[in-house]
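Architecture at a glance
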Amino acid sequence: MLGLDFIRQNFDLVCQSLANRRSELTLDAFTKLDAARRRLIGEVEQRKATLNRISPQIGALLKAGQQAEAEAKRSEMRALKAAIEALEAERNSVEAQLQELLRIIPNVPHRSVPVGDASANQEIMRWGEPRRFDFEPKDHVALGTMLGILDLDRAAKIAGARFAVLKGLGAQLERALIHFMLDLHLTEHGYTEVLPPLIVNGDALFGTGQLPKFEQDLFKLTDERGLYLIPTAEVPVTNLHRGELLEATQLPLRYVAYTPCFRSEAGSYGRDTRGLIRQHQFDKVELVAFVKPEESYAELERLTGNAEVVLQRLELPYRKVVLATGDMGFAAAKTYDLEVWLPSQHTYREISSCSNFEAFQARRADIRFRREPGAKPEFVHTLNGSGLAVGRTWLALLENHQQADGSVVIPPALRPYLGGLTRLS
């Protein structure tokens, strides 16, 4: 969330940010509400000052025996108190509307972010050469079905469309990828592992920016408690420190978490409906960091690099893309997407999204730090990224390492997690 003072002091910047994001939102309502709030505060303070002047006069009038004049002053005071009460009620209403508006204003993109829609996304680099097959490569659905490790029909029978059953070596491969990613981030990159709840409250989702704007993308429990299935581990892990005041010596904090994730994918029907690309339930290993403001962009490079190592160890060609203003998430100030090569589609597809939110989430979740004893608290900067989306890694591994006979070679880095297995067949 952007601060009230920040918007006032950077009004043109925020207006330009909304335009660059292709947002239909404007600051017209903000201008009116903020002006009304200031006017009401001024009127309340003016009447309170008058009240403070009148109050001692009543005692003096009574002492002088001027009963009628004293009673007139009492009547004036009652009228002022009634007016103050009405003005404060109006101010509370205006402030509530202002807060609702602040909740839906997106973050301001970093100055390095390209301006435009998805067509303005900029490729930063590529790693690995897409393999040249001497046969027609199959997609992951055909490979998984042929190997007997993927069953979409029975998943549909159990839960409906956009669910999957992984069987035998398919299930073991998913588990191996999870363990490989966790171990890599723990031992080589220095993250602390967290196993968070898979159900969160509305406050947690507000803190990370999913609520109130994106409720339609969530699975909400039907009881009265207002709980939701998590769309990503970003939500519970970022909210570990909600409402806390950290010390500078605790930063940076880096967490890694494996969780299943649940998304309704509202409005996405008709896109990526085949196989594991866009599921209602999927596994993900998530990276979350809390850092000092001046360190957050270096941390974005570090965190993204950590996710890249996973792809490199699994020998999966990918590219790194910086998202344009019109393609970024609501809370992000800058986002890198890592896109893995899929031979069956002859294109790169997103497998990780790594973002710096600056103070946007921290302000919503009230996560602050103090640089030294007695110093004024500041908001931390938060970051997160997939390290990686496990289902998409699973399918990318099948497609990129498939053989002409339909078997799949296991990359060396993953073999210890599959009991030394070198091939799925």
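Note that the structure is predicted; figures quoted are calculated from it, not measured.

Helices and strands together make up the secondary structure of the protein, namely twelve helices and 17 strands. Expected size for 425 residues packed as a compact globule is a radius of gyration near 22 Å; at 28 Å, the protein overshoots this value by more than 25%. Sorting the 425 residues of the protein into buried and exposed places 49% on the buried side. Within the protein, contacts between residues at least 6 apart in sequence are counted, and of these 73% link residues at least 24 apart. Each charge class in the protein was averaged separately, 53 positive and 55 negative side chains, and the resulting centres sit 3 Å apart.

Moving on to the sheet that holds strand E13 (residues 368-370). Read from one edge of the open sheet, three strands run E7-E13-E14, paired in mixed fashion. Looking at the sheet topology across the chains shown, the edges are occupied by strand E7 (245-247) and strand E14 (378-379). Taken together, the three bridges between E7 and E13 define a ladder with parallel strand orientation. Note on E13: the bridge partner recorded for Leu 246 is Phe 369.

This part takes up the sheet that holds strand E1 (residues 122-127). With respect to topology, eight strands assemble into an open sheet ordered E1-E10-E11-E12-E15-E9-E8-E4, the strand pairing being mixed. Of all the strands in the sheet, the pair left with one neighbour each is E1 and strand E4 (192-193). As paired elements, strand E10 (residues 318-322) and strand E11 (residues 334-342) share five bridges and run antiparallel to each other. Bridge pairing in E11 places Val 322 opposite Tyr 336. Here helix H7 (residues 169-187) sits on the sheet in contact with E4, strand E8 (253-262), strand E9 (281-291) and strand E15 (381-389), set at roughly 5° to E9. Packed on one face of the sheet, helix H12 (residues 390-400) meets E9, E11, strand E12 (347-356) and E15 and runs near 40° to E15.

To describe a pair of aromatic rings, one takes the distance between the centres and the angle between the planes. Tallied over the full model, the rule gives seven aromatic pairs. Here a set of aromatic residues connected by ring pairs shows up, and it is made of Phe 214, Phe 330 and Phe 360. Arg 103 extends its terminal NZ or CZ atom over the ring of Phe 206, reaching a point 4.3 Å from the ring centre. Directly above the ring of Tyr 336 sits Lys 320, whose terminal nitrogen or CZ lies 4.2 Å from the centroid.

Two elements in contact, H7 and helix H10 (residues 296-313), have axes whose closest approach is 10 Å; the angle formed by their N-to-C orientations is 130°. By the angle class used here, H7 and H10 are oblique. Crossing of H7 over H10 shows right-handed handedness. Contacts between H7 and H10 involve Phe 180, Met 181, Leu 184 and His 185 on the former and, on the latter, Asn 306, Ala 307, Val 309, Val 310 and Arg 313. Among the residues forming the contact of H7 with H10, the class breakdown is six nonpolar, two polar and one charged.

So, about unusual backbone geometry. Residue Pro 212 is reached from Leu 211 by a cis peptide bond, and omega for that bond is 5°. Looking at the element boundaries, Pro 212 is found in the loop between helix H8 (202-208) and strand E6 (227-229). Along the chain, Leu 251 connects to Pro 252 via a cis peptide bond; the corresponding omega equals 0°. Looking at where Pro 252 falls in the secondary structure, it is placed in the loop between E7 and E8. One non-glycine residue, Glu 358, lies in the positive phi region at around 50°. Assignment of secondary structure puts Glu 358 in the loop between E12 and helix H11 (360-365).

Calculation criteria
Residues numbered from 1 in each chain as written. Predicted model: local features only at pLDDT ≥ 70, side-chain atom pairs only at ≥ 80, totals over all residues. Heavy atoms only, no water. Helix = DSSP H or I, 4+ residues; strand = E, 2+ residues; numbered from the N terminus. Rg over C-alpha atoms; globule rule 2.2 N^0.38 Å. Buried < 20%, exposed > 50% of the residue type's maximum accessible area, 1.4 Å probe, protein only. Contact = heavy atoms within 4.5 Å. Lys, Arg positive; Asp, Glu negative; His and termini not counted. Charge placed at Lys NZ, Arg CZ, Asp CG, Glu CD. Pairing = 2+ DSSP bridges. Axes fitted to C-alpha atoms, helices over the stretch in contact; angles between N-to-C directions. Phe/Tyr/Trp six-rings, centres within 6.5 Å; stacked < 30°, edge-to-face > 60°. Lys NZ or Arg CZ within 6 Å of the ring centre and 35° of its normal. Parallel < 35°, antiparallel > 145°, perpendicular 65-115°, else oblique. Left-handed = near helix turned anticlockwise from the far one by under 90°. Nonpolar A, V, L, I, M, F, W, Y, C, P; charged D, E, K, R; others polar.

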